[in-house]
Amino acid sequence: MKRLIAYYSASGGAKFAAEQFVSLLDADMLRVDTVMKFPKGESGKKFIGNFMSVFNIKPTLKKQSLKPTKYDEIIICSPVWAGKCAPPMLSFLHKYDFTGKKLYYFATSYVENEKYLIEDLERKTHSKIWEYSTEASNETREESAERIKCFAAQIG
């Protein structure tokens with residue numbers, strides 16, 4: 001069983017989660033990155049990210065060395081913007097055919113309506129999300145690390 005941890009990180013939370021997963025599971029790691037540069041400030045990132053989410057804008061991605069289609073399981077680590085998976089990760093999910101793959105989603109942002117988020121992802125990827133986890137509001141790194149351990153144990 002080949003596993004891939006694919007992550008998009010705007011502020012470091014998803015990168016932290018991806019690194020934790022790699023240390024807990026036998027998996028390769030792939031950073032999803034955009035050609036477009038997001039603003040450096042937090043408010044600018046949130047404004048642009050939420051705008052892109054609301055209007056379903058999918059940014060162009062930088063070329064990637066790993067091919068996700070060669071993996072059986074893909075763990076997606078991404079923030080949530082405007083109640084949806086971050087647009088760079090959506091670009092990644094639209095770029096490849098994940099039919100027959102097991103997808104897992106680890107949100108690194110607080111989500112009010114988890115059910116809508118997961119239904120939206122399943123509709124956009126045409127794949128079932130087998131397990132998911134979303135951050136509690138004001139979660140610390142220690143709490144996040146514990147949630148990552150529990151999620152990794154569920155995956156096996």
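Right above here is the structure, for reference.
These numbers were taken from a predicted model, which means no experiment stands behind them. (Residues numbered from 1 in each chain as written. Predicted model: local features only at pLDDT ≥ 70, side-chain atom pairs only at ≥ 80, totals over all residues. Heavy atoms only, no water.)

Visitor: Sorry if this is basic, but what is going on with helix 5 (residues 141-155) here?
Guide: Residues spaced three or four apart along an α-helix face the same direction, because each turn holds 3.6 residues. End to end, helix 5 covers 21 Å across 15 residues, agreeing with the expected 21 Å (1.5 Å per residue, within 8%). Burial in helix 5 covers these residues: Ser144, Ala145, Arg147, Ile148, Phe151, Ala152 and Ile155. Burial along helix 5 is one-sided: seen end-on, the buried residues are contained in an arc of 160 degrees. When the buried face of helix 5 is taken as reference, the exposed residues oriented beyond 90 degrees from it are Glu142 and Ala153. The elements touched by buried residues of helix 5 are strand 1 (3-7), helix 1 (13-24), strand 3 (73-78), strand 6 (102-110) and strand 7 (129-135). (Helix = DSSP H or I, 4+ residues; strand = E, 2+ residues; numbered from the N terminus. Expected span 1.5 Å × (residues − 1). Buried < 20%, exposed > 50% of the residue type's maximum accessible area, 1.4 Å probe, protein only. Arc of directions from axis to C-beta. Contact = heavy atoms within 4.5 Å.)

Visitor: When you look at the pattern of salt bridges in this model, what are you seeing that I'm missing?
Guide: Between side chains of opposite charge, a pair can form when the charged atoms approach closely. Here the structure, examined in full by the defined rule, presents nine salt bridges. Of the charged contacts in the structure, one is a salt bridge between glutamate 42 and lysine 45, with a shortest N-O distance of 3.7 Å. One end of the pair, glutamate 42, and the other, lysine 45, are both in helix 2 (residues 42-54), three residues apart, so they sit about a helical turn from each other. Residues aspartate 120 and lysine 124 are paired through a salt bridge, measuring 3.0 Å at the closest nitrogen-oxygen approach. (Salt bridge = Lys/Arg side-chain N within 4 Å of Asp/Glu carboxyl O.)

Visitor: Mind showing me how you'd approach the layout of surface pockets here?
Guide: Empty space among the atoms can be located by rolling a probe the size of a water molecule over them. As a volume, the largest pocket reaches approximately 540 Å³. As for the largest pocket, its lining consists of 27 residues, and the residues nearest its centre are Ser11, Pro79, Thr108, Ser109 and Glu135. Residues belonging to the lining of the largest pocket are distributed by class as follows: ten nonpolar, ten polar and seven charged. Within this model, the second largest pocket holds a volume of roughly 210 Å³. As for the second largest pocket, its lining consists of Tyr8, Ser9, Ala10, Arg31, Asp33, Thr34, Met36, Lys37, Phe38, Pro39, Lys40 and Lys45. Residue composition of the lining of the second largest pocket, grouped by class: five nonpolar, two polar and five charged. (1 Å grid on protein atoms, 1.4 Å probe; cavity = no way out; pocket = protein on both sides within 12 Å on 5 of 7 lines; lining within 4 Å. Points joined across faces, edges and corners; volume = space filled by probe spheres on them. Nonpolar A, V, L, I, M, F, W, Y, C, P; charged D, E, K, R; others polar.)

Visitor: Help me understand the packing of aromatic side chains, please; the structure alone is not making it clear to me.
Guide: For any two aromatic rings, the description comes down to two numbers: the centre-to-centre distance and the angle of the planes. The final tally for this structure, using the stated rule, is ten aromatic pairs. Relative to tryptophan 81, the ring of phenylalanine 38 has its centre 5.7 Å away and its plane inclined at 65 degrees; by these criteria the two rings are edge-to-face. Within this pair, whereas phenylalanine 38 is found in the loop between strand 2 (28-31) and helix 2, its partner tryptophan 81 is found in strand 4 (residues 80-81), the two being separated by 43 residues in sequence. Exposure class is identical for phenylalanine 38 and tryptophan 81. Each is buried. (Phe/Tyr/Trp six-rings, centres within 6.5 Å; stacked < 30°, edge-to-face > 60°.)

Visitor: Mind showing me how you'd approach the nonpolar core here?
Guide: Grouped burial of nonpolar side chains is what soluble globular proteins tend to show. Among the nonpolar cores identified, the biggest contains 29 residues, and Ile74, Met89, Phe92, Leu93 and Tyr105 are the most heavily contacted of them. Breaking this core down by element, the ones donating at least two residues are strand 1, strand 3, strand 4, helix 3 (87-95), strand 6 and helix 4 (114-125). For this core, the element with the highest residue contribution is helix 3, accounting for four residues. Formed by 18 residues, the second largest nonpolar core is a distinct cluster that contains Phe16, Leu25, Ile75 and Ile155. (Core = buried A, V, L, I, M, F, W, Y, C linked by side-chain atoms within 4.5 Å.)

Visitor: So what exactly am I meant to see when it comes to a nonpolar patch on the surface here?
Guide: Side chains of Phe51, Val54, Phe55 and Ile57 sit close together on the surface and give an oily, nonpolar patch of about 380 Å² of accessible area. Locating phenylalanine 51 in the fold gives a position in helix 2. For phenylalanine 51, a relative accessible area of 41% puts it in the partly exposed group. (Patch = residues over 30% accessible without salt bridge, like charges linked within 9 Å, V, L, I, M, F, W, Y side chains within 5 Å. Areas by Shrake-Rupley, 256 points an atom, 1.4 Å probe, with all protein chains shown as cover.)

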